[in-house]
Amino acid sequence: MASVAQIIRKRRNRKSRRRVQQANNRRWLILSAVIVILLVVIPAGVTLGGAAWLYADAVHNLPSPEQSVAAGLASGQTELYDSSGNTLLFTAQNNTDGQSWLKLDTLPSYVLQATLVMEDPTFLQATTFDPLSTFSKMWRNILIGPLSQDATLTGRLVRNVIAPLPDNPSIDDIGREIALVAEIERRYTPEQILEWHLNTNYYGSEAYGIESAAEIYFGKHAKDLTLDETAMLAAIPLAPQYNPFDNELAARGRQKDVLRALRTANNITADQFDQASATVTPLQTATDSTQQIAPEFTVYARRQAEDILQTQGRDGARLVTRGGLKIVTTLDLDLYYQSECAMRIYLARIAGNAVPQTTLDGQPCQAALYLPPNTTALTDAAPDNGQLVLIDAATGEIKSMVGATTTVDKQPGPTLFPFVYFTGFIRSSDSAAKMVLDIPSTFPGAAEGLIYTPNNPDGKFRGPINLRDAMAAGLLPPAVQIAREQGLDNVLRIAHRIGLNSLGEDGRYDLSLLERGGAVSVMDMTYAYSVFASLGDMHGLRSTPIGQGYRQVNPVAIARIEDADGNVLWNYDADQVQLNQVLIFPHGVGYIVDNILADQETRRNILGDTSILELPRTSAVVNGLAGDATGSWTVGFTPQLVAGVHLDRQDGAKMALDSLGLQGAAPVWRAVMQYAHDRDNLPPTDWDRPDDVVQMGVCDKSGLLPNSVCPVRNDWFVAGRAPTQTDTFWQSVEINSQTRQLATANTPRELKTSTLYFIPPPEAQEWWQANNLP
């Protein structure tokens, strides 16, 4: 048995160990509490405090509905100027100035329903102030990074009127929006918020608020809107660029979408739907007393200014309308006036009419002096409508724009030929010397069982020729041949990369597209040719492509944007030009394209007198008729400038022009280009030949290496793409000079003579013999 002393010692030891354990436990408890305080309590407090501070800071100056409208008008009107910065082109109007505040009960019920069904269908039922939800959002926004923007109607009101979000909003930006949304929903009922929204919503064309929109588009008060008018307006705020003045086709399509949505939600009856759907809503004419100069250009420039500001994280549409900005555009006012009067005067002359030889500002039309002195008037079916674009090839800046050049409604026809041949150069190493066939041929048509037989406008065929000859002269059958070899979808795919924002690659087009059908804009076609003019470089403003494989750069209409205090917000200077430049294809291939299109001698040899297409300097040009002579194109360029001209009739009828279309757009194109170059004393210059482009002799027609008997011509080739095969088509044959038959062993020596013959390829034999060629 343990002694009493041992028992006492054991008890003391147990007590001692217990005291040590308790001390350790207290230390760990204190340490744990400190850790919890440091890691949880303090951050939570800081976060809550930060959220509370951010909430208070965001809402302490929250304007009332009426104050928000007044604040929007305070900055002043934005003004657009020409490239000199001295001539005012356009003043954006504050169309809400002086407008009365509309109450919901003064509006037709379908105005409210259409707005809600498009923007927030459950808004009236689901909107309520929830402090716990608000602080939860602010907590999560701070802890896990910026949340997505508020998708409710209140959120749209905050972004549109009170606190616009930048493109990449920060935690503070989203936190401010969360606070403002919550505070508005705390102070106001859903009906009051909807009223605020309707009175400040942006409907395009400087129309802020439903009352302003009704007056601008329909010339009436909002209380008098019909169902079809309401549906058209309700579709605009989510995509203001599709308003009926800027894009009527899209606006009417979206109007139908709103009506269908109202019917699906049972907000309107079947009879109301049918009646409104069948109504072609009449529009008030889009007029603006301050917009007198270059209206089409001004529309384009304003949209681009909005896009530029938007990419900077600003509210582009609101700033351009209400920001008091000074926007200097790229429009050369003299070139605009001179190109407009040259086209107007030519259209009058060819129709047999007399018009003043002056510009719109009353000055002499110097460009008209470059028009043909003796224009033969057409008895009927003369062109009476035209579009023109002039672009700086080195910068992508639009110098002049006349007519509806951005509307995608022009059949491209011969303007597609360069893209066809270029596709062959890129995909198959075709060369300018390649032999192509200008003969009657049949190809698959638009539908099964149909065939397409392309013909040249003058009704002639030239047989086997070099690709250079076919491309320079704009012959149709050889272009169709190459398009068939390369695949039309491949041609269009490359055309999109070079600049065309139309003609989808979905197999809907057949080879007859090179003659008729399809739709492009004059702006896109001219801009695409500017890439050829720059040997493969695309100059302009970086933008979001309309789809995969389409261009990433747009022509430039804005030179500088200044805020109301004169601070430069954006400037298209030399650094911007370099920064935005994109290499689309190798310069060597671009040089070959330009060299062929500038080959005036070849064009004259094949087509005859084409002097109307020639400038007194190196220039490349494509000319011809499209759509069964319903459109006349001339698009051409020098190393400095690119111009595209299209003439047609407003009634869409066929024009009574010569078969090659030389009476159409060509005289206007030459007059404008010659005036622009002479005015600025631009030096005649050729394109710099890249080091990888070499010249060598090849056989005529075949384009193969000389075989000691063929006629030889020189041509340019990209290194590594020159022919390697010796010609076999040209043959020297002994014939009987008396009978003109092949000489035989019995033919007397004195009757034997060597004669050079071209032996056509098998597919051209029938045409060759039918035309009695030797």
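Just so it is clear, the model here is predicted, and its values are computed rather than measured. (Residues numbered from 1 in each chain as written. Predicted model: local features only at pLDDT ≥ 70, side-chain atom pairs only at ≥ 80, totals over all residues. Heavy atoms only, no water.)

## A few points about a nonpolar patch on the surface
Thought 1: The grouping of Trp139, Leu143 and Ile144 at the surface amounts to a nonpolar patch, some 310 Å² of accessible area in total.
Thought 2: Note on placement: Trp139 falls in helix α5 (residues 131–144). (Patch = residues over 30% accessible without salt bridge, like charges linked within 9 Å, V, L, I, M, F, W, Y side chains within 5 Å. Areas by Shrake-Rupley, 256 points an atom, 1.4 Å probe, with all protein chains shown as cover. Salt bridge = Lys/Arg side-chain N within 4 Å of Asp/Glu carboxyl O. Helix = DSSP H or I, 4+ residues; strand = E, 2+ residues; numbered from the N terminus.)

## Considerations on the state of the cysteines
Thought 1: Counting across every chain of the model gives two disulfides.
Thought 2: Each disulfide pairs two cysteine sulfurs, and for Cys341 the partner residue is Cys365, the sulfurs being separated by 1.9 Å. Measuring the twist about the S-S bond at about 85°, one finds the Cys341-Cys365 disulfide to be right-handed. Of the two residues, Cys341 is situated in helix α15 (residues 333–350) and Cys365 in the loop between α15 and β4 (385–392); the sequence distance between them amounts to 24 residues.
Thought 3: What makes Cys365 buried here is its relative accessible area of 4%.
Thought 4: Paired by a disulfide, Cys699 and Cys710 hold their sulfur atoms 1.9 Å apart. Where Cys699 bonds to Cys710 through sulfur, the torsion about that S-S bond is close to -75°, and the disulfide is left-handed. Of this pair, Cys699 sits in strand β19 (residues 693–699) while Cys710 is found in the loop between β19 and β20 (712–718), placing the two residues 11 residues apart along the sequence. Note on accessibility: Cys699 and Cys710 belong to one class, buried. (Disulfide = S-S within 2.5 Å. Buried < 20%, exposed > 50% of the residue type's maximum accessible area, 1.4 Å probe, protein only.)

## What to know about the packing of aromatic side chains
Thought 1: Enumeration according to the criterion identifies 19 aromatic pairs in this entry.
Thought 2: For the pair Tyr336 and Tyr337, a centre-to-centre distance of 5.6 Å together with 50° between the ring planes defines the contact as tilted. Comparing Tyr336 with Tyr337, the two get one shared label, buried.
Thought 3: Arranged with centres 5.7 Å apart and planes meeting at 75°, the rings of Phe637 and Trp687 form a pair that is edge-to-face. With Phe637 in strand β17 (residues 631–637) and Trp687 in the loop between α24 (666–679) and β19, this pair connects stretches of sequence that are 50 residues apart. (Phe/Tyr/Trp six-rings, centres within 6.5 Å; stacked < 30°, edge-to-face > 60°.)

## Quick notes on unusual backbone geometry
Thought 1: Within the chain, Ala381 stands out as a residue other than glycine whose phi angle is a positive 55°.
Thought 2: Non-glycine residue Leu535 carries a positive phi angle of around 60°.
Thought 3: Structurally, Leu535 is set in the loop between α20 (522–533) and β10 (537–538).

## Things to note about the nonpolar core
One broad trend across soluble globular proteins is that nonpolar side chains are buried collectively.
Thought 1: By size, the foremost hydrophobic cluster in this structure holds 139 residues, and its most contacted members are Phe419, Ile498 and Ile561.
Thought 2: The leading source of residues in this core is α15, at 11 residues.
Thought 3: Val111, Ala163, Ile184 and Leu259 belong to the second largest nonpolar core, which has 46 residues in total. (Core = buried A, V, L, I, M, F, W, Y, C linked by side-chain atoms within 4.5 Å.)

## Focus on the pattern of salt bridges
Pairing between side chains becomes possible if they bear opposite charge and their charged atoms approach one another.
Thought 1: Considering all chains together, one arrives at 27 salt bridges under this definition.
Thought 2: Among the salt bridges present, the one from Glu248 reaches Arg252, with a minimum N-O distance of 2.9 Å. Placement of the pair is Glu248 and Arg252 together in helix α11 (residues 248–264), with a separation of four residues, close to one helical turn.
Thought 3: Classification of Glu248 as partly exposed rests on a relative accessible area of 38%.
Thought 4: Between Arg679 and Asp680 there is a salt bridge; the shortest N-O distance is 2.9 Å.
Thought 5: On the basis of relative accessible area, Arg679 is assigned to the partly exposed category, the value being 28%.
Thought 6: Residue classification places Asp680 among the partly exposed residues on the basis of a relative accessible area of 40%.
Thought 7: One network of salt bridges, in which partners are shared, links Asp332, Asp334, Arg679 and Asp680.

## Considering the packing of helix α9 (residues 210–218) against helix α10 (residues 227–234)
The description of two packed helices rests on the angle between their axes and on the distance between the axes.
Thought 1: Axis separation between α9 and α10 bottoms out at 11 Å; the angle between their running directions is 110°. Accordingly, the angle class assigned to the pair α9 and α10 is roughly perpendicular. At the point where α9 passes α10, the crossing takes the right-handed sense. Along the contact surface, α9 presents Ile210, Ala213, Ala214, Tyr217 and Phe218, while α10 presents Glu229, Met232 and Leu233.
Thought 2: In terms of residue class, the contact of α9 with α10 is built from seven nonpolar, no polar and one charged. (Axes fitted to C-alpha atoms, helices over the stretch in contact; angles between N-to-C directions. Parallel < 35°, antiparallel > 145°, perpendicular 65-115°, else oblique. Left-handed = near helix turned anticlockwise from the far one by under 90°. Contact = heavy atoms within 4.5 Å. Nonpolar A, V, L, I, M, F, W, Y, C, P; charged D, E, K, R; others polar.)

## Considerations on the sheet that holds β17
Thought 1: Strands sit in the order β5-β4-β18-β17-β16 across an open sheet of five strands; the sheet is antiparallel. The open sheet terminates on both sides in strands that have one partner only, identified here as β5 (398–402) and β16 (620–626). Sheet twist, expressed as the average angle between the axes of neighbouring strands with direction ignored, equals 5°.
Thought 2: Pairing between β17 and strand β18 (residues 641–648): seven bridges, direction antiparallel. Its bridge partner being in β18, Val635 is matched across the sheet by Gly644. (Pairing = 2+ DSSP bridges.)

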